[in-house]
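Results of the structural survey
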Amino acid sequence: MNVSTLQQKITALKQTKKAILLAHYYQSPEIQEIADFVGDSLELSRKAALTNAEIIVFAGVYFMAETAKILNPSKKVIVPDINAGCSLADGCPPDKFEEFLKNYPNHVVVTYINCSAEIKTLSDYVCTSSNAIKVISTIPKEQKIVFAPDRNLGNYLIKETGRNMVLWEGSCVVHEAFSLEKLIRLHQKNPDAVIVAHPESEAHILRTAHYIGSTSGMINYIKSSPKTKFIIATEHGILYKMQQEVPDKILIPAPSKEDNTCACSECAFMKMNTLEKIYTCLLDESPEVLLEQEIITKAIPPIQRMLQI
C-alpha cells in the first residue's frame, strides 16, 4: 500500500475503534500528518490524561506509552513497535537505580520522564525538559535531591537552579551525537543564524547555544523570534512540524559526528515506527502496553505532582 492509502485506512480504523493517535515530534512526517496530536513528552502526557478515546495508539518510544497507560489504566494503550525503546531509559535499570538510591537515603528523587515505569515508582517527582526547572524550584532549598537518568539535563539544571544535585550517569545517544567542530564551522558559514539546543545536549554544545529549551520551547522561541535563520540541535524529526509553524524561516539541522545522509542526529528507536506498523497494531489492537497494578499505583503520584505543577 502507498502512503496515502495507508493514511486513509488508519484514519478510518481510528474512527471505527474510537482510537486516538499520539505522535512525538521525532516521528516521520507521514505519521505526524495523521496524528490526532503531535507534541513533546509533556504535551503527550497531558493529552493522554485527558483523552476520551477507548484506545490510545502511541507513536513514540516505549516509556512514553507506559506513561500513557499509567495515566489511563482503564484504556487500551498500543504501540506500533514494542522494541522502540530509548538509550536513556535503558541505561537506568531499576535494580541498579534502587541500589544507587540506598546511598542517598535523605534525598528527594526527581526523574526525567524519559525513564521506565519502574524507575517512576522509585521517584518523588517526574519532570520533563520543559518543566524541570519549575519542578526543582518547588522543592525546598535545604532538601537534597537525586536527579536521574540524564546527566546532561542534570548538569544544565544545576547551572540554572543553583542546586547541588546528585546525578545518575545516563545520557541520550541522539543528543550526544552533535559535533562541536562541525557546528562551529556551520555557524561560521551562517553567522546570522541563531543556535537553539535541547538541554539533553552535552555542555559544550549548550555553551554555543543562544537558546536552550524543550522541543515545544524551541518551536515557541523560533515563532516569536524576529530572526529568520536557526540552527537546530535536537532530533531531526522536529524540523517537519517546526517548518509548518514558521514557513518563512530557514531551519538548519545541527551536524552530527557521523557522516550520515542527512548530516543530522536521528533517533533510530523513534524511526522504528512506520505507517504499516501503525495500521497493523490498530487492526490487531496489539502489541498492548500492560503494566502491573502495583506499578501503576506507585508511578501515578510523581507524575501527578508534575502535572499539578
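In what follows, the structure referred to is the one given above.
Read on for a plain summary of the structure.

**A short note on the overall build of the protein**
Per the secondary structure count, the protein includes 15 helices and twelve strands. Scaling as 2.2 N^0.38, a compact globule of 309 residues should have a C-alpha radius of gyration of about 19 Å, and the protein matches this with 19 Å. If one aligns the C-alpha atoms of the protein with their principal axes, the spans along those axes are about 50 × 50 × 30 Å. By sequence separation, contacts in the protein at least 24 residues apart represent 62% of the contacts at least 6 residues apart. Between the averaged position of the 32 positive side-chain charges in the protein and that of its 35 negative side-chain charges there is a distance of 5 Å.

**Quick notes on empty space enclosed by the protein**
Counting across every chain of the model gives two cavities of 30 Å³ or more. Approximately 50 Å³ is the volume attributed to the second largest cavity. What lines the second largest cavity is simply Ser-41, Leu-44, Ser-45, Ala-48, Phe-58, Met-64, Thr-67, Ala-68 and Ile-113. Contributions of two or more residues to the lining of the second largest cavity are made by α3 (41-50) and α4 (62-71). Tallied by class, the residues present in the lining of the second largest cavity amount to six nonpolar, three polar and no charged.

**Quick look at α3**
When we look at burial in α3, the residues that qualify are Ser-41, Leu-42, Leu-44, Ser-45 and Ala-48. When α3 is viewed along its axis, its buried side chains cluster within an angular range of 165 degrees and face the same direction. Turning to α3, the residues buried within the fold contact β1 (19-24), β2 (37-39), β3 (55-59), α4 and α15 (293-308).

**Focus: the environment of Lys-14**
Tracing the chain through its elements places Lys-14 in helix α1 (residues 3-17). Spatially, the C-alpha atoms of Lys-14 and Asp-36 are 9.7 Å apart, while their sequence positions differ by 22 residues. With residues up to four places along the chain from it excluded, the contact list for Lys-14 reads Ala-19, Leu-21, Ile-34, Asp-36 and Leu-282.

**Some points on the sheet that holds strand β10 (residues 211-212)**
Taken together, four strands build an open sheet; the order of strands is β10-β9-β11-β12 and the sheet is parallel. Either end of the sheet is taken by a strand with one partner, and the two such strands are β10 and β12 (250-253). With four bridges connecting them, strand β11 (residues 229-233) and β12 associate as parallel partners. Within β12, the position partnered with Phe-230 by the bridge is Leu-251.

Definitions and cut-offs
- Residues numbered from 1 in each chain as written.
- Predicted model: local features only at pLDDT ≥ 70, side-chain atom pairs only at ≥ 80, totals over all residues.
- Heavy atoms only, no water.
- Helix = DSSP H or I, 4+ residues; strand = E, 2+ residues; numbered from the N terminus.
- Rg over C-alpha atoms; globule rule 2.2 N^0.38 Å.
- Contact = heavy atoms within 4.5 Å.
- Lys, Arg positive; Asp, Glu negative; His and termini not counted.
- Charge placed at Lys NZ, Arg CZ, Asp CG, Glu CD.
- 1 Å grid on protein atoms, 1.4 Å probe; cavity = no way out; pocket = protein on both sides within 12 Å on 5 of 7 lines; lining within 4 Å.
- Points joined across faces, edges and corners; volume = space filled by probe spheres on them.
- Nonpolar A, V, L, I, M, F, W, Y, C, P; charged D, E, K, R; others polar.
- Buried < 20%, exposed > 50% of the residue type's maximum accessible area, 1.4 Å probe, protein only.
- Arc of directions from axis to C-beta.
- Pairing = 2+ DSSP bridges.

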